[in-house]
Amino acid sequence: MSAIPADYKYSSEHEWVSPVVDGVVTLGITDHAQSELGDVVYVDLPAVGDSFSKGDSIAAVESVKAASDVYTPVSGEVVEVNEVLDAEPATVNADANGAGWICKIRLSDPSELDELMDAAAYAEFCK
Amino acid sequence: MSEEQIKCTPLCEKHVALGAKMVPFAGWNMPVQYTGIIDEHNAVRNDCGVFDISHMGQFLAYGPGTTDWLNGMFTNNLHKLTDGVGQYSMMLNERGGVIDDLIIYRMGEDNYFIVVNASMIDEDYAWLTAHKPEGISLVNKSADFVGLAVQGPNCEKVFAGMCPGIVLPERNGILKFSCDGDELYVCRTGYTGENGFEFFCPAAEGVKWLEKVIASGAKPCGLGARDSLRLEMCYSLNGSDLSPEKTPLEAGLSWCCDLTKDFIGVEVLRQQKAEGRPTALVAIEYTGKGAPPRHGYEVQLPDGTHLGELCSGVLSPTLGKGIAMAYVPAALGKIGTEVNVIVRNKPVPAVIIKKPFLKK
């Protein structure tokens, strides 16, 4: 059973979004997603300052076997990326919900959060 | 391929019980990993691992004239073999392209045991049958065997645990013997670059033998580790690195082609040897940081000239950098040539090196 923090929102592509702080959310892939991927060996991070629309490929997480796109479930501008993942991509496996976060996004349309699943719905979705 | 057509080896349920993630491969439902690809890769390099190779095919060919017939079908020379010894070889089409790569063992005079790729069992059998003279027997025994590849520096300890008192055959050798009531074929071969052996047991006894191998110290390993291990050694994978459109000379496998004898496709190989091969399968190693190389990624010269696409690629767990193989124009594929691998429109610097990646 994977860890699904109660205060995050979830996409059907297995990304999580943290609660909003000063208009900014943190984005990562879920524990379920990292478990399915296996050993993460590379994370292709976006550049700070880049803007994305909901549904865009914002990053790529690569395991030994496969490259997997990360689709942002929210629109906005990247304000910070997790540079730790450059040197230690396996952090995504070790702590997908925490230290393995991918980037922080300043929301351009906070209402998009309402379209995402809550923890209970996501737990059901993964079954 | 639809779900209904996916085949399961007799070990499928056991793999799931051992915690495997299963994926479709060459028409078979196979374990891609158990604990993790890197973990399993390292187990084979440093200790011992076991792979299910039951999906691979086995043919028996026997009867007067078999040696001469198969010498006309395969690239390597069967006259080099003595009883109980095998060789890597290729079966080509009339254009000199690779139908399949295989290992053929001489069991006795005009009596051979042939191991072929899983995806090619039906095609190989049909091609061989279509070219087979009367009076020679060719039997597809693929469904009768479970096959296990036991690979790694501690493989001899594992063998001693599963079959005490039996001595493993020498490199490339095969031994048929009885152990614990079953007849086994044990081959001193592998696809990892490590000391190892592969053995075939009756399909119904497969789970018992997998359990014996694990109890004797081997770690269950999946296709993911099998792929990264073989690519570090530049061993070709049919369907990725070998194709009906490329000759063994282009694939860098001239060492298993005896051009002094006649076999299907030899004229094309002789011509390429005399006039030069159009392309060459080269080994490409990252010199810079970048996302792992993968099948289909473009390879360019630094000035943007297109060279080809990657056939195989992986982030090497042993070397910690991207490694890949690609067919490039032979004249441009010299060792030391700097190239770029294009990953999501970004060039990653790399260099063509001498095979294999892992110097052992």
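What you see is a predicted model; the values in this text were computed from it and never measured. (Residues numbered from 1 in each chain as written. Chains lettered and ligands numbered in written order. Predicted model: local features only at pLDDT ≥ 70, side-chain atom pairs only at ≥ 80, totals over all residues.)

## What to know about the overall build of chain A
Within chain A, the regular secondary structure consists of four helices and nine strands. Its C-alpha atoms give chain A a radius of gyration of 13 Å, near enough to 14 Å, the size a compact globule of 127 residues would have. With respect to the principal axes defined by its C-alpha atoms, chain A has extents near 35 × 35 × 20 Å. In chain A, which comprises 127 residues, the proportion classed as buried is 43%. Considering only residue pairs separated by 6 or more positions, chain A has 64% of its internal contacts joining residues 24 or more positions apart. (Helix = DSSP H or I, 4+ residues; strand = E, 2+ residues; numbered from the N terminus. Rg over C-alpha atoms; globule rule 2.2 N^0.38 Å. Buried ≥ 20, exposed ≤ 12 C-beta atoms within 10 Å, placed from the backbone. Contact = placed C-beta atoms within 7 Å.)

## Brief notes about the overall build of chain B
Looking only at helices and strands, chain B features eight helices and 20 strands. Whereas a compact globule of 360 residues would reach a radius of gyration of roughly 21 Å, chain B reaches 20 Å, a difference of no more than 12%. Here the C-alpha coordinates of chain B stretch approximately 65 × 50 × 40 Å along the principal axes. The buried share of chain B, reckoned over its 360 residues, is 47%. Of the contacts formed within chain B by residues at least 6 apart in sequence, a portion of 66% connects residues at least 24 apart.

## Brief notes about the sheet that holds strand E9 (residues 137-140) of chain B
All names here are of chain B. Ordered by their spatial adjacency, five strands build an open sheet running E6-E7-E8-E5-E9, and the pairing between neighbours is antiparallel. The open sheet is flanked by strand E6 (85-92) and E9, the only strands paired with a single partner. Pairwise comparison of adjacent strand axes, ignoring direction, gives a mean angle of 25 degrees for this sheet. Bridge count for strand E5 (residues 57-62) against E9 is four bridges, and the pairing is antiparallel. Its bridge partner lying in E9, Ala 61 is registered against Leu 138. (Pairing = 2+ DSSP bridges. Axes fitted to C-alpha atoms, helices over the stretch in contact; angles between N-to-C directions.)

## Digging into the interface of chain B and chain A
Taken together, the contact pairs 13 residues of chain B with ten residues of chain A. Broken down by secondary-structure element, the contributors of at least two residues to the side of chain B that touches chain A are strand E3 (28-33), helix H2 (37-46), helix H7 (223-232) and strand E17 (306-315) of chain B.

## With respect to helix H5 (residues 155-162) of chain B
Residue and element names in this part refer to chain B. Listed in full, the buried residues belonging to H5 are Cys 155, Val 158, Phe 159 and Met 162. Down the axis of H5, the sector holding all buried residues measures 100 degrees, keeping them to one side. At its buried positions, H5 is contacted by strand E10 (145-151), strand E13 (196-202) and helix H6 (206-215). (Arc of directions from axis to C-beta.)

## Comments concerning the sheet that holds E3 of chain B
All names here are of chain B. Spatial strand order, E1-E3-E2: three strands in an open sheet with mixed pairing. Two strands lie at the open edges of the sheet, namely strand E1 (7-8) and strand E2 (21-25), each paired on one side alone. Direction of pairing for E1 relative to E3: parallel, over a ladder of two bridges. Each bridged residue has a counterpart across the sheet, and for Lys 7 the counterpart in E3 is Trp 28. Sitting on the sheet, H7 touches E2 and E3, and the angle it makes with E3 is about 70 degrees.

## Brief notes about the pairing of strand E7 (residues 98-108) of chain B
Residues and elements named next belong to chain B. Among the eleven residues of E7, eight are classified as buried, and the element is accordingly described as predominantly covered. Judged from the eight bridges that link them, E6 and E7 form a sheet pairing that is antiparallel. Among the inter-strand pairings, Met 91 is bridged to a residue of E7, identified as Asp 100. Counted between consecutive antiparallel strands, the loop separating E6 from E7 contains five residues, among which Gly 96 sits at a positive phi close to 85 degrees. Across five bridges, E7 lies against strand E8 (residues 111-116) in antiparallel orientation. Within the sheet, the bridge partner assigned to Arg 106 lies in E8 and is Tyr 112. Between E7 and E8, which pair antiparallel in sequence order, lie two residues; one of them, Asp 110, sits at a positive phi of approximately 55 degrees.

## Some thoughts on the confidence of the model for chain B
For chain B, per-residue confidence averages 96 on the pLDDT scale, and 99% of positions sit at 70 or higher. Interface scoring of the predicted complex returns ipTM 0.82; its pTM is 0.93. (pLDDT = per-residue confidence, 0-100.)

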